[in-house]
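Descriptive structure summary
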Amino acid sequence: MKNCMKLRHPYRRLRLTFRQQLRHFATKYSGRVVVEAENGRSFAVEVDAPTLQTDSRGYALPRRDLICKISQILKSPPSASSDPFLDLSDYLDTLTLTLTPSEASEILKSLKSPTLSLRFFRFCPSEIPKFRHDCFTYNRILLIISKSCIPNRLDCVREIVDEMEKFGIKGNISTVNLLIGIFGDGEFKGDGGDELKRCLGLVQKWELRLNCYSYKCLLQAYIRLCNYDKALEVYQEMRMRGYRLDIFAYNILLDALVRDQKVDQVHKVFEDMKKWHCEPDEYTYTILIRMTGKLGKPGESLSFFQEMLSKGISPNLIAYNTMIEALAKGRMVDKSIFVFSKMVDNSCRPNEFTYSIILNVLAAEGQLGRLDEVVEMSKRYMNKSIYTYLIRTLSKLGHASEAHRLFCNMWSFHDRGDRDAYLSMLESLCNAKKVTEAIDLLNKMNEKGVEADAFMYNTVFSALGKLKQISHLHDLYERMKQDGPSPDIFTYNILIASFGRAGEVEEALKVFEELENSNCKPDIVSYNSLINCLGKNGDIDEAHMKFIEMQEKGMNPDVVTYSTLIECFGKTEKVEMARRLFDEMLAAGCYPNIVTYNILLDCLERSGRTSEAVSLYAKLKEQGLTADSITYTILERLQSGSHRTSRIRRQNPITGWVVSPFR
């Protein structure tokens, strides 16, 4: 085929020549003038097909101009009127040349989209005459797919391998390495072993030989698939063939064997490392220290640690933590603190995990007093986050005194406080029932630049309410309203429940009224707390009125609301009202729990309605609930025929009501 090119101006020839001189990788064309206009302003040139240049091995060199043009076409955004692949077909139809596999590989490399690359890969043999992929283009597309996240990518890889076998295209060792990496990445452990067997079968079929890198890929693949026995077999075959692992591969193998608890093999591989002159690094020794530490052999862990130091290897944070953890597991407090001191001396900053190990072993051995020693030796690394972590951990472990002492240390050491540390200290003091100290801390924290928020106040309110310290509760609430922060819905709910628990009905009603007039509006918890307060203190009618009021405001009573009110009616022997409310509960689609059933069962049993109680128990079983000790106690009373008119008062964990039918 001959291409004609019209030059509109004589100087275009010079410009074309200049461009060809600059683009060293462009395809060179030769041609002759066949038609020239009389005025000389235009002419036609007949261009011959170029002779492709080859490298020293005889492979055609990629034509960069062609690669750039095709890549540009494929990267153009598709539209409703055009498709990049249709444009590419039109472009290729104007050429006599055929795309080479090396050029197709370069185009695949330039495309950023795996989906687009795969489509172009399929396009080449189907739309380009005489085109056939070679192992290099197959390797290229396999590499692209291996790095992609396209759906069913493993199925795509299988199809490509099937295609290679179908058309008799032999891959090279790089193909096998890529396939091992793809099928051994741990994405599917069930079929991974079978796919690796297929890869090894391709090695024989394609008459290839595994090299050192292939063995490393295979070793890592079996480890990722958690097939440690096969990984060990691959390692032994490598040794037999004289291949050596690098330190990275040795560490992967050692870590896998440690996880599989193959202790003897670990020691053997470690000796092989030294025999093959592969010097262990800090990660190698960390693996060995972790293994011996978990085996309860802190002495061996210490030996490995000292060997690492003797070789001039500086332990990193992970190595120090692993060593301290091994010693702590052996309850060697003195040695744990000694290694910790060396860690600090060597300018290795401890993290929260380091302090947690030390803290746990000190707590286990009853030596929490030595925590001050640890804090002192690492004071240059003690920041607010570390203090916060230690205070929070001590509080959770129930060591309020130690947490408070450490908090005082932080108070004097830092000009500005940390909110989390103050909150942890507040919670610790409240859990230890040291509410006076908690109130004092709440008042003083603004000195360190920490503003007390509603959550902190709520923490103290809750503790005061449980201890029924109404005077402190009232004073703190008044101070909160005066100085801030503004109470939130949780504040009001805690106060209503606390005043109700102490029998202060008027105060509870006053807080509820303040809630209604505030920016916060009562929620279902607010009404439940108030109904509980009113009913517990004998004002059943008002409790029922609040129940109706919440329904009128569009709130749906929950199981706690119904259980509380049923308890109210049960205490005053209004059995019919309790029964009616239970039926209303079911009709509203609110399913009773075991507490609700126990309340009503107790009410029916005490009033002598044995048959109704038995029917209610049958309904309990139909709902799939499990009877508890209270249920069985009521049933025993039903069977014995004894009906009590009085009950032992016992706090219910859900409603706060007295529901226990125990004798």
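These remarks concern the structure in this document. None of these values were measured; they are calculated from a predicted model. (Residues numbered from 1 in each chain as written. Predicted model: local features only at pLDDT ≥ 70, side-chain atom pairs only at ≥ 80, totals over all residues. Heavy atoms only, no water.)

The N-to-C vectors of helix H17 (residues 333–345) and helix H18 (residues 352–364) enclose an angle of 160°; their axes lie 10 Å apart at closest approach. The angle between H17 and H18 falls in the class roughly antiparallel. Note on packing geometry: the crossing formed by H17 with H18 is left-handed. In contact with Val333, Ser336, Ile337, Phe340 and Met343 of H17, H18 contributes Thr354, Tyr355, Ile358, Val361 and Leu362. A class-by-class count of the residues in the contact of H17 with H18 yields 8 nonpolar, 2 polar and no charged. (Axes fitted to C-alpha atoms, helices over the stretch in contact; angles between N-to-C directions. Helix = DSSP H or I, 4+ residues; strand = E, 2+ residues; numbered from the N terminus. Parallel < 35°, antiparallel > 145°, perpendicular 65-115°, else oblique. Left-handed = near helix turned anticlockwise from the far one by under 90°. Contact = heavy atoms within 4.5 Å. Nonpolar A, V, L, I, M, F, W, Y, C, P; charged D, E, K, R; others polar.)

Now for the nonpolar core. The biggest cluster of nonpolar side chains holds 198 residues, and the ones touching the most others in it are Leu99 and Phe120. Filtering out sequence-adjacent residues up to four positions away, Phe120 remains in contact with Ile70, Leu74, Phe85, Leu88, Leu99, Ala104, Ile107, Leu108 and Leu111. (Core = buried A, V, L, I, M, F, W, Y, C linked by side-chain atoms within 4.5 Å. Buried < 20%, exposed > 50% of the residue type's maximum accessible area, 1.4 Å probe, protein only.)

This part is about the packing of helix H31 (residues 575–587) against helix H32 (residues 594–606). Two elements in contact, H31 and H32, have axes whose closest approach is 10 Å; the angle formed by their N-to-C orientations is 150°. Comparing their axes, H32 and H31 come out roughly antiparallel. Judged by the twist between their axes, the crossing of H31 over H32 is left-handed. Side by side, H31 and H32 meet where Val575, Ala578, Arg579, Phe582 and Met585 of the first sit next to Thr596, Tyr597, Leu600, Cys603 and Leu604 of the second. Considered class by class, the residues forming the contact of H31 with H32 number 8 nonpolar, 1 polar and 1 charged.

As a further point, take the side chain of Lys262. Residue placement: Lys262 occurs in the loop between helix H12 (247–259) and helix H13 (263–275). Here Lys262 falls in the buried class, since its relative accessible area comes to 17%.

So, on to the pattern of salt bridges. Going through the model one piece at a time under the given rule, you end up with 42 salt bridges. Across the pair Lys216 and Asp246 runs a salt bridge whose closest N-O atoms are separated by 3.6 Å. Of this pair, Lys216 sits in helix H10 (residues 212–224) while Asp246 sits in the loop between helix H11 (228–241) and H12, and the two are 30 residues apart along the sequence. Of the charged contacts in the structure, one is a salt bridge between Arg637 and Asp602, with a shortest N-O distance of 3.0 Å. Separated by 35 residues along the polypeptide, Arg637 in helix H34 (residues 629–640) and Asp602 in helix H32 bring together distant segments of the chain. Judged on exposure class, the residue Arg637 and its partner Asp602 are both buried. Taken together, the shared-partner salt bridges in this structure form one network comprising Asp162, Glu165, Arg198 and Lys205. (Salt bridge = Lys/Arg side-chain N within 4 Å of Asp/Glu carboxyl O.)

Here the amide bond leading from Gly484 into Pro485 is cis, since omega sits at 0°, within 30 degrees of zero. Within the fold, Pro485 resides in the loop between helix H25 (470–483) and helix H26 (489–501). Its identity is not glycine, yet His277 carries a phi of approximately 60°, on the positive side. Along the polypeptide, His277 turns up in the loop between H13 and helix H14 (282–294). For His277, a relative accessible area of 67% translates into the label exposed. Within the chain, Lys433 stands out as a residue other than glycine whose phi angle is a positive 65°. By the secondary structure assignment, Lys433 is in the loop between helix H22 (419–431) and helix H23 (435–444). Its relative accessible area of 60% is what places Lys433 among the exposed residues.

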